[in-house]
Amino acid sequence: QVQLVESGGGLVQPGGSLRLSCVASGSVFRINDMGWYRQAPGKQRELVATITRSGRTNYADSVKGRFTISRDNAKNTVYLQMNSLKPEDTAVYYCNAKESLYPFRAFWGQGTQVTVSS
């Protein structure tokens, strides 16, 4: 099992910045991909960004150029630096980790609220 704990959400004005953190614990040696997803009220959960253990990244088109995902493997931590925030970025942000070994399970954090409003 892998446990994920997010932090760093909050209320920010449009154009502002926030940095989310997610610390993994447990069987972290089984994890390759980690990432961030978000879910706005009335909408499906969607991918924001992912990063592999080697540092290869993938971003949703809506956040490219504004968000940066990074990872500290020694600390079992993944970060999401969010700049130039827009009201449409308002959502609950979830950390995700995927096993690279059978049974290839996916784990989720409890979520952290990000609200972009003036």
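Above this text you will find the structure in question.
What comes next is a walk through the structure. Sequence positions are assigned chain by chain, starting from 1 and proceeding in written order. With pLDDT at 70 or above as the cut-off, local features in this predicted model cover only qualifying residues; side-chain atom pairs require 80 or more to be listed or tallied, and sums for whole chains, interfaces and linings still use all residues. With hydrogens and water stripped out, all remaining heavy atoms of the structure feed into the side-chain values.

## Examining the pattern of salt bridges
One speaks of a salt bridge when a side-chain nitrogen belonging to Lys or Arg is within 4 Å of a carboxyl oxygen belonging to Asp or Glu. By the definition in use, this model includes six salt bridges. Salt-bridge contacts for Arg38 lead to Glu46; the nearest nitrogen and oxygen are separated by 2.7 Å. Relative accessibility thresholds used throughout: buried, under 20% of the residue-type maximum; exposed, over 50%; partly exposed, between the two (1.4 Å probe, protein chains only). Given the relative accessible area of 6%, Arg38 is considered buried. The shortest N-O distance in the salt bridge between Asp89 and Arg38 comes to 2.9 Å. Taken as a pair, Asp89 in the loop between strand E8 (77-82) and strand E9 (91-99) and Arg38 in strand E4 (residues 31-39) lie far apart in primary sequence, 51 residues in all. For the pair Asp89 and Arg38, one class covers both residues: buried. Residues participating in the shared-partner salt-bridge network are Arg38, Glu46, Arg66 and Asp89. The helix and strand labels rest on DSSP assignments: H or I over at least four residues marks a helix, E over at least two residues marks a strand, and numbering proceeds from the N terminus.

## Overview of the state of the cysteines
In plain terms, two cysteine sulfur atoms within 2.5 Å form what is called a disulfide here. If you walk through the whole model with that rule in mind, you get one disulfide. Linked covalently through their sulfurs, Cys22 and Cys95 form a disulfide whose S-S length is 2.1 Å. Measuring the twist about the S-S bond at about -85 degrees, one finds the Cys22-Cys95 disulfide to be left-handed. On the criterion of sequence distance, the pair formed by Cys22 in strand E3 (residues 18-26) and Cys95 in strand E9 is long-range, its members being 73 residues apart. Residue Cys22 is classed as buried on the basis of its relative accessible area, which comes to 0%. Relative accessible area serves as the criterion here: at 0%, Cys95 is assigned to the buried category.

## Quick look at the pairing of E3
Any two strands between which DSSP finds at least two bridges are classified as paired. The sheet contact formed by strand E1 (residues 2-7) and E3 spans six bridges and is antiparallel. Bridging across to E3, Val2 finds its partner in Gly26. When E3 meets E8, the two strands line up antiparallel, connected through six bridges. If you follow Cys22 over to E8, its bridge partner there is Val78.

## Comments concerning the sheet that holds E1
Strand pairing within a sheet occurs via backbone hydrogen bonds; the two strands may be parallel or antiparallel. Taken together, the four strands give an open sheet; going across it, the order is E1-E3-E8-E7, and neighbouring strands pair in antiparallel fashion. Because the sheet does not close on itself, it has two edges, and the strands there are E1 and strand E7 (67-72). Put simply, the sheet's adjacent strands are angled 15 degrees from each other on average, direction ignored. Think of each axis as a best-fit line through the C-alpha atoms, taken over the contacting stretch in the case of a helix, with angles from 0 to 180 degrees between the N-to-C directions.

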